Amino acid sequence: MRNILLIGAGKSTAYLIDYLLDQSKKEDISLCILDRETTHIPKQIASHPALSIVTASVTDDSDKTTTDCISRHCNLYASCAYAYFGCQGLSQS
């Protein structure tokens, strides 16, 4: 199984999320979305069996929810966060 962590779930990620979920069964993909605000994700997407959603901030190192999500879903990550935001600290220990 390929575990993909998607950081940020803004408007620009809609097509990417749809594509990954459409391909999830065929390509054996599990998708985790990590974002500060997740209430805007439509229910028909949020209920997909290959998707888990975590409401947290990737910049908060003290948040155990964030670190658990990163360590559990780190075969591949895609950052759709702000252009100036970096993910230098994302690595498995």
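Everything numeric here is computed off the predicted structure, so don't read it as measured data.

Colleague: Help me understand the overall build of the protein chain, please; the structure alone is not making it clear to me.
Modeller: Along the backbone of the protein chain there are three helices and four strands. Along the protein chain, helices (α) and strands (β) appear in the sequence β-α-β-α-β-α-β when read from the amino end. Per-residue burial for the protein chain yields a buried fraction of 38% across its 93 residues. Pairs at least 24 residues apart make up 57% of the contacts formed inside the protein chain by residues separated by at least 6 positions. Looking at the protein chain as shown, the accessible area adds up to about 6,100 Å², and 52% of this sits on carbon and sulfur atoms.

Colleague: Any chance you could explain unusual backbone geometry here in plain terms?
Modeller: For residues besides glycine, phi is generally negative; the peptide bonds are generally trans as well. At D28, a residue that is not glycine, the phi angle is positive and equals roughly 60°. Relative to the helices and strands, D28 is located in the loop between α1 (14-27) and β2 (29-35).

Colleague: I'm lost on the sheet that holds β2 in this one. Help?
Modeller: Either a parallel or an antiparallel arrangement is found when strands of a sheet pair, and the pairing is made through backbone hydrogen bonds. Across the sheet, which stays open at both edges, the four strands sit in the order β3-β2-β1-β4 with parallel pairing between neighbours. Of all the strands in the sheet, the pair left with one neighbour each is β3 (51-55) and β4 (76-79). The average angle at which neighbouring strand axes cross in this sheet is 20°, direction not considered. Bridge count between strand β1 (residues 2-7) and β4: four bridges; the pairing is parallel. Bridge pairing links L5 to Y77 in β4.

Colleague: Is there a simple way to think about the pattern of salt bridges in this case?
Modeller: Between side chains of opposite charge, pairing is possible as soon as their charged atoms come close. For the structure on display, the rule yields one salt bridge. Residues E27 and R2 are paired through a salt bridge, measuring 2.8 Å at the closest nitrogen-oxygen approach. Highlighted residues: E27 in helix α1 and R2 in strand β1, separated in sequence by 25 residues.

Colleague: Just checking my understanding: could you explain the side chain of S24 for this structure?
Modeller: Inspection of the secondary structure assignment puts S24 in helix α1. At 2.8 Å, the side chain of S24 forms a polar contact with the backbone oxygen of L21. Excluding its chain neighbours within four sequence positions, the residues that come into contact with S24 are I29, H48 and A50.

Colleague: Just checking my understanding: could you explain α1 for this structure?
Modeller: Each α-helix winds once per 3.6 residues, and so residues spaced three or four apart point in a common direction. Helix length check: α1 (14 residues) gives 19 Å between terminal C-alpha atoms against 20 Å at 1.5 Å per residue, within 8%. Where α1 bends most, at L21, the angle is about 25°. Among the residues of α1, I17, L20, L21, Q23 and S24 are the ones counted as buried. Looking at the buried side of α1, the elements it contacts are β1, β2, α2 (43-46) and β3. Phi for D28, located one or two positions after α1, is positive at around 60°.

What counts and how
Numbering of residues starts from 1 in each chain and follows the order in which that chain's sequence is written. Per-residue local features of the predicted model are confined to residues with pLDDT of at least 70, and side-chain atom pairs are confined, for both listing and counting, to 80 or more; whole-chain, interface and lining totals are unaffected and use all residues. As a rule here, side-chain values cover all heavy atoms of the structure and leave hydrogens and water aside. Secondary structure elements follow DSSP: runs of H or I of four or more residues count as helices, runs of E of two or more count as strands, with numbering from the N terminus. Three labels apply to residues, based on accessible area from a 1.4 Å probe with only protein chains included: buried if under 20% of the type maximum, exposed if over 50%, partly exposed otherwise in between. What makes two residues a contact is simply this: any of their non-hydrogen atoms within 4.5 Å. Note on areas: these come from Shrake-Rupley sampling with a 1.4 Å probe, and a residue is covered only by the protein chains present in the view. A pair of strands is labelled paired if DSSP reports no fewer than 2 bridges between them. For helices, the fitted axis covers only the stretch in contact; all axes are lines through C-alpha atoms, and the angles between them, taken along N-to-C directions, range from 0 to 180 degrees. What makes a salt bridge here is a side-chain nitrogen of Lys or Arg within 4 Å of a carboxyl oxygen of Asp or Glu, nothing more. By the criterion applied in these results, polar contacts are pairs of N or O atoms within 3.5 Å in which, for protein atoms, one can donate a hydrogen and the other can accept it, and in which residues neighboring in sequence qualify only through two side-chain atoms. For a helix, the expected span equals 1.5 Å multiplied by the residue count minus one. Bend, in this description, refers to the angle at a residue between axes fitted to the seven residues ending there and the seven starting there.

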